[in-house]
Amino acid sequence: MGPLQIATAGHVQIWTLDQPEIGNAITGVEVIDALDAAVDAANADPEIRVIILTGAGKIFSAGGNVKEMADRQGMFGVDERAKRRAYTAGIQRIPRALQRLEVPIIAAVNGAAVGAGCDLATMCDIRIASDRASFAESFVSIGLIPGDGGTWFLPRAIGWEQAAEMTFTGDRIDAATALEWGLVSRVVPHDNLLAEADRLAERIAKNPGEALRMAKRLLQESRNGSLESVLGMAAAMQPLAHLDPEHEARIAKWRTD
């Protein structure tokens, strides 16, 4: 048993952060390695079309392991000169990994998403929250800053002013506020969370895998690229989509329906 449990059903894969005893913290090398490897494995498997990310127990992710922080252990135990390297070679591997993930990923936020756990949710393409979920960009409350890319992801999810409010206050917002601010696309009863996430995943997974991967890449480019760069990528990708046997099969089916 490891810190990340992976289950596959058809074209859908579920990743479960599975260290509830430490709040599903994501600063340990084992969970970072596991997420990194899971991304590469999903990219290499054409059968995987969508991923659901959730947490075991009552918490989605508490982010950093505060006990290790207080005890100066793990990535927090190195001297100040080595800390920069500890971040780039440690937790910053997670946003880099999720940015290279080729398939759509849904965060099924089952409880508190705090600090780097909140940022982890924003790294996903779609977020669904349990009515018990909450979110906090809490770094400043313990005298830190988002070291994992949160200041890049959060404003893109909810806009500058609301991201600034969360970042500067460190305050927690509930699921209803997260929905109002656009941090999540829907809030569902807690016991229905995974079922709702799976229904959405199946709606995505019914579509051709290569088209999904290319569509996601275009969406990523649109975050920072110019219209011309997105149009250029689309013009280069679309001929490949036309050659996909799944496209041919679906066009043939359309003709006979």
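Everything here concerns the structure above.
All of these numbers come straight from a predicted model, not from anything done at the bench. (Residues numbered from 1 in each chain as written. Predicted model: local features only at pLDDT ≥ 70, side-chain atom pairs only at ≥ 80, totals over all residues. Heavy atoms only, no water.)

Some thoughts on the nonpolar core
Okay, so step 1: In terms of nonpolar packing, the biggest core is built from 46 residues, with Trp15, Ile94, Leu98, Leu101, Leu120 and Phe135 touching the most fellow members.
Okay, so step 2: Ranked by residue count, the leading element in this core is helix α1 (residues 29-44), at six residues.
Okay, so step 3: Apart from residues no more than four positions distant in its own chain, isoleucine 94 is found in contact with Ile26, Ile32, Leu35, Leu120 and Met123. (Core = buried A, V, L, I, M, F, W, Y, C linked by side-chain atoms within 4.5 Å. Buried < 20%, exposed > 50% of the residue type's maximum accessible area, 1.4 Å probe, protein only. Helix = DSSP H or I, 4+ residues; strand = E, 2+ residues; numbered from the N terminus. Contact = heavy atoms within 4.5 Å.)

Re the sheet that holds strand β1 (residues 4-9)
Okay, so step 1: Taken in spatial order, the six strands of this open sheet run β1-β2-β3-β5-β7-β10, and their pairing is mixed. Each of the sheet's edge strands pairs with one partner strand only, and the pair in question is β1 and β10 (186-188). Direction aside, neighbouring strands of the sheet carry axes that sit 20° apart on average.
Okay, so step 2: Bridge count between strand β5 (residues 105-109) and strand β7 (residues 126-130): four bridges; the pairing is parallel. Paired with isoleucine 106 across the strands is isoleucine 126, a residue of β7. (Pairing = 2+ DSSP bridges. Axes fitted to C-alpha atoms, helices over the stretch in contact; angles between N-to-C directions.)

Observations regarding unusual backbone geometry
Okay, so step 1: Not every positive phi belongs to a glycine, and asparagine 24 is a case in point at roughly 50°.
Okay, so step 2: For asparagine 24, the position within the fold is in the loop between β2 (12-17) and α1.
Okay, so step 3: Taking relative accessible area as the criterion, asparagine 24 reaches 1% and is therefore assigned buried.

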